[in-house]
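Summary of the model geometry
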Amino acid sequence: MSKSRTFEGRTYREVQRSNSNNRVKLQKDDRQWLKANGYRNVGWENVIQLYQKIQLLLEVEDSTLEDLFLEADRIGSKYQTAEEIAAFNQELSEVVNEISDEIDRQFPDTEMESIDFSKKSRKKSNQKTYKTLKS
């Protein structure tokens, strides 16, 4: 008795059906890219490769730009030593401070702001007072 082959608990036909349903959810250019790069929904290995690529494309479409940057940082961090990461963070901090200083030079805050926390209410000449009247 031979056991039928499955992928992630699904039969060949179920994976094919999943590919067809999920492929429709992709952007048109992604569908064209899959076709141009030989991803097919026929043949057990092809069906599995197409399934994995569609899942990856769907994850990327659902990701925000921030998610993508965080994932790239996580992957990149695996290939760096602690010293390299610390040096990069130090350099990044210095660049951010330089940018902040340059912004302050180009857009100076010329308006003085003061906040009076005294309990006395000071009424300005152009300030109106409103009272609630009972009817």
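Scroll up to find the structure.
Right, let's walk through the structure included here. Note that the structure is a prediction, hence the values are computed from the model and not measured. (Residues numbered from 1 in each chain as written. Predicted model: local features only at pLDDT ≥ 70, side-chain atom pairs only at ≥ 80, totals over all residues. Heavy atoms only, no water.)

This paragraph deals with the overall build of the protein chain. Broken down by element type, the protein chain carries five helices and zero strands. Going residue by residue from the N terminus, the α and β elements of the protein chain occur as α-α-α-α-α. In the form shown here, the protein chain has an accessible surface area of approximately 12500 Å², with 51% of it arising from carbon and sulfur atoms. (Helix = DSSP H or I, 4+ residues; strand = E, 2+ residues; numbered from the N terminus. Areas by Shrake-Rupley, 256 points an atom, 1.4 Å probe, with all protein chains shown as cover.)

A cluster of nonpolar side chains, Leu-56, Val-60, Leu-65, Leu-68 and Phe-69, forms an exposed patch at the surface whose accessible area comes to about 480 Å². Those elements that place two or more of their residues in the nonpolar patch are α3 (44-62) and α4 (65-77). Leu-65 gets classed as exposed once you look at its relative accessible area, which sits at 58%. (Patch = residues over 30% accessible without salt bridge, like charges linked within 9 Å, V, L, I, M, F, W, Y side chains within 5 Å. Salt bridge = Lys/Arg side-chain N within 4 Å of Asp/Glu carboxyl O. Buried < 20%, exposed > 50% of the residue type's maximum accessible area, 1.4 Å probe, protein only.)

So, about the pattern of salt bridges. In this structure the tally under the stated criterion is two salt bridges. We note a salt bridge from Glu-45 to Arg-5, for which the minimum N-O separation is 2.6 Å. With a gap of 40 residues between them, Glu-45 in helix α3 and Arg-5 in the segment before α1 (12-23) connect regions that are remote in the sequence. According to the relative accessible area criterion, Glu-45 is partly exposed, its value standing at 44%. You can call Arg-5 partly exposed: its relative accessible area is 48%.

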